[in-house]
Amino acid sequence: MLRYALKRLISLVISLIVASMVIFAVIEVIPGDPATLILGVNARPDTLAALRAEMGLDQPMILRYFDWAGGMLRGDMGQSYTYKTPVSGMVADRVWVSLPLAIYALVLSTLIAFPAGIYAASRRGSIGDVGIMGATQLGVAVPNFWFAMIMVLIFAIKLRWFPSGGFPGWDKGFWISMKALTLPAIALALPQAAILARVMRSSLLDMLGEDFMRTARAKGLTRRQALWRHAVRNALIPVLTIIGLQFAFLLAGGIIIEKVFFLPGLGRLIFQSISARDLIVVESVVMLLVFVVIVVNFAVDLAYGAVDPRLRTRT
Amino acid sequence: MKSLTLGIVISALVLVMAAISFVWTPYDHEVMDIPNKLQPPGGPHWFGTDHFGRDLFSMTMVGARTSIAVALVAVGIGMTIGVPLGLTAAARKGSWLDELIMRGNDLVFAFPSLVIAILITAVFGAGAVNAIIAIGIFNIPVFARITRGAALSLWEREFILAARVAGKSSARISAEHILPNVTNLLIVQGTIQFSLGILAEAALSYVGLGAQPPTASWGRMLADSQTMISFAPHMAIFPGMAILLTVLGLNLMGDGLRDLFDPKLRRSGR
């Protein structure tokens with residue numbers, strides 16, 4: 001296990017280093033000089049040069065990379081060109097929208113998918129199973145931002161149950177903030193719930209065909225007891241992996257949904273910074289998202305290796 | 001079998017609609033007609049008109065073209081690069097080359113694809129070509145991995161051994177014997193990646209980083225409709241339904257093809 005963990009850890013570190021280099025390199029070729037953008041095209045050359053020096057843009061690329069990467073490691077993401085404030089502060093504000101949204105969506109997705117998947121597997125071939133499987137086909141196919149817009153139309157504009165967008169802030173109260181995040185979380189959760197329900201069903205069907213299920217029934221357990229005590233428990237292993245991967249996806253995928261609902265999260269920050277050519281913000285936020293995704297994948301791998309020893313020897 | 005038929009019918013419908021749009025649309029999809037703006041569906045404009053009075057049915061037809069083109073070329077990129085990589089990795093199993101290819105794959109997999117696609121299109125400029133590249137890059141590891149997996153088990157088979165004894169090089173064996181035997185798998189995966197590509201293109205266009213005006217695209221039609229959804233919901237409903245139907249059709253087709261190619265799955269009813 002230790003060898004496996006160590007191998008994974010090395011690959012995690014390499015992934016992070018390569019990822020940071022790729023992101024930095026991509027951002028570097030962005031057209032448009034940030035100094036010119038801030039001061040305008042009519043700025044005097046010496047003023048431009050002074051600003052470039054202040055922003056560190058006159059340094060060689062390699063130095064700027066180490067500066068940035070080193071800063072990220074220390075939690076210092078540099079200073080926004082346009083807002084003149086530390087990027088880490090801007091990110092910290094936004095994280096309190098994006099992170100709760102991702103967690104909320106994950107909880108919803110699990111709450112929908114578990115019963116649906118278990119029901120479908122235990123009543124395989126029934127109308128209920130066919131109905132659930134049909135619904136998951138739709139759930140996988142629907143573009144979540146469109147589903148979000150349709151929900152706004154029905155639940156915000158027609159029924160007025162939820163706000164159509166915006167975020168009041170946690171200081172305005174927990175429930176009112178949760179209410180603002182509800183439609184976005186549902187929109188984000190739906191396709192994930194569909195995938196998860198399918199995995200749950202298929203994993204449970206595998207377990208129902210196992211010998212230990214026959215043994216459980218033979219020693220007198222009812223179908224329901226055998227299902228819950230043995231099949232569901234064992235079926236959870238692959239499902240938990242998917243949940244782990246989904247969290248990373250929900251955090252990164254939330255940026256489109258944030259746009260639909262005008263939520264002041266990381267996604268909005270990325271789009272605003274792209275149009276303002278605020279490179280340092282874009283690269284730092286993207287790196288942060290990539291970091292979370294890679295680390296979550298690593299944790300999932302590790303957890304999976306811990307419960308299933310066969311995987312440690314996988315090539 | 002039912003899902004395959006349904007999938008083929010839906011996909012064919014979308015394809016035919018896109019093909020017809022090259023020679024005929026009810027109206028010119030780029031022509032504005034302000035006096036007739038925001039017409040509801042029905043009447044002379046089947047899907048109604050948008051805020052510029054453009055015919056939504058014509059725009060949806062042309063939008064199909066954009067979505068299909070972007071997703072198809074992205075799948076093409078993934079296959080053209082990914083499949084040879086997978087074949088090479090399998091032929092040189094355990095070598096440093098195999099290791100390099102697979103670790104490279106893991107790395108691309110680890111990136112949140114949407115974020116990177118946004119980054120690529122934002123940096124290199126919004127547009128269909130950059131959207132294709134951004135989506136295509138993430139198709140490469142998918143095809144490489146699936147090809148390698150299937151090829152590895154084929155390399156153990158007798159007929160490959162026979163080919164080796166006959167003195168064929170591993171490159172030739174890969175091309176002549178392994179590749180034809182993984183084609184089914186690639187078609188199924190290609191269908192799935194195609195549908196994912198349609199969704200990705202729509203998302204990129206929605207945030208303004210996909211195909212640019214005046215090219216019609218479903219994602220941008222949805223972006224345009226957003227501020228008008230309270231009084232002109234038809235502007236959002238039709239392009240969204242078009243995406244949903246296309247992706248659904250392709251997914252059903254992919255599932256159906258997988259069952260068709262792999263009878264074991266058909267019996268177990270997964």
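Look up a bit, the structure's there.
What you see is a predicted model; the values in this text were computed from it and never measured. (Residues numbered from 1 in each chain as written. Chains lettered and ligands numbered in written order. Predicted model: local features only at pLDDT ≥ 70, side-chain atom pairs only at ≥ 80, totals over all residues. Heavy atoms only, no water.)

K.L.:
Describe in detail the overall build of chain B, supporting the description with residues and values.
P.N.:
When you go through chain B residue by residue, the secondary structure sums to 10 helices and zero strands. When the helices and strands of chain B are read in sequence order from the N terminus, they spell out α-α-α-α-α-α-α-α-α-α. In terms of overall dimensions, chain B has C-alpha extents of about 75 × 45 × 35 Å along its principal axes. Scored against the burial criterion, the 270 residues of chain B give a buried share of 51%. Here the contacts in chain B between residues at least 6 apart in sequence split such that 69% fall between residues at least 24 apart. Carbon and sulfur atoms provide 68% of the accessible area of chain B, an area that totals close to 11800 Å². Charge centroids of chain B, computed over 19 positive and 16 negative side chains, lie 11 Å from each other. (Helix = DSSP H or I, 4+ residues; strand = E, 2+ residues; numbered from the N terminus. Buried < 20%, exposed > 50% of the residue type's maximum accessible area, 1.4 Å probe, protein only. Contact = heavy atoms within 4.5 Å. Areas by Shrake-Rupley, 256 points an atom, 1.4 Å probe, with all protein chains shown as cover. Lys, Arg positive; Asp, Glu negative; His and termini not counted. Charge placed at Lys NZ, Arg CZ, Asp CG, Glu CD.)

K.L.:
I'd like a description of the overall build of chain A, backed by residues and values.
P.N.:
Across its full length, chain A carries 12 helices and zero strands. The secondary structure elements of chain A, listed N-terminal to C-terminal, are α-α-α-α-α-α-α-α-α-α-α-α. With the principal axes as the frame, chain A shows a C-alpha extent of 85 × 60 × 35 Å. Out of the 315 residues belonging to chain A, those deemed buried represent 46%. In chain A, of all internal contacts separated by at least 6 residues, the share reaching a separation of at least 24 is 72%. Carbon together with sulfur atoms contributes 66% to the accessible area of chain A, which is approximately 15600 Å² in total. Taking the average location of the 30 positive side-chain charges in chain A and that of its 18 negative ones, the two points are 15 Å from each other.

K.L.:
Before we move on, can you summarise the packing of aromatic side chains with the specific residues and values?
P.N.:
Per the counting criterion, the structure on display carries 12 aromatic pairs over all chains. Centre to centre, the rings of A:F24 and A:Y65 are 5.4 Å apart; their planes meet at 70 degrees, and the pair counts as edge-to-face. Placement of A:F24 in helix α1 (residues 2-28) and of A:Y65 in helix α4 (residues 61-73) is noted, with a sequence separation of 41 residues between them. With a relative accessible area of 5%, A:F24 lands in the buried category. A residue is classified by how much of its surface remains accessible, and A:Y65, at 11% relative accessible area, is buried. Between the NZ or CZ atom of A:K259 and the centre of the ring of A:F271, over which it lies, the distance is 5.8 Å. Of note, B:R65 hangs over the ring of B:F22, and the distance from its end group to the ring centre comes to 4.3 Å. (Phe/Tyr/Trp six-rings, centres within 6.5 Å; stacked < 30°, edge-to-face > 60°. Lys NZ or Arg CZ within 6 Å of the ring centre and 35° of its normal.)

K.L.:
Explain the packing of helix α5 (residues 87-122) of chain A against helix α10 (residues 223-260) of chain A to me, using residue names and the numbers behind them.
P.N.:
Residues and elements named next belong to chain A. Viewed as axis vectors pointing N to C, α5 and α10 meet at an angle of 145 degrees, and their least axial separation amounts to 8 Å. Taken as a pair, α5 and α10 cross one another with a handedness that is right-handed. On α10, the residues touching S98, L99, L101, A102, I103, A105, L106, S109, T110, F114, I118 and S122 of α5 are R223, L227, W228, V232, L236, V239, I243, Q246, F247, L250, L251 and E258. The residue inventory of the contact of α5 with α10, partitioned by class, reads 17 nonpolar, five polar and two charged. (Axes fitted to C-alpha atoms, helices over the stretch in contact; angles between N-to-C directions. Left-handed = near helix turned anticlockwise from the far one by under 90°. Nonpolar A, V, L, I, M, F, W, Y, C, P; charged D, E, K, R; others polar.)

K.L.:
So, the packing of helix α1 (residues 2-23) of chain B against helix α9 (residues 234-261) of chain B: which residues are in play, and what are the values?
P.N.:
Residues and elements named next belong to chain B. Contact geometry for α1 and α9: axes closest at 7 Å, N-to-C directions at 140 degrees. Here α1 is positioned oblique relative to α9, judged by the angle of their axes. You can see that α1 and α9 cross each other, and the crossing is left-handed. Contacts between α1 and α9 involve S3, L4, L6, G7, I8, I10, S11 and V14 on the former and, on the latter, L245, T246, G249, L250, L252, M253, G256, L257 and L260. (Parallel < 35°, antiparallel > 145°, perpendicular 65-115°, else oblique.)

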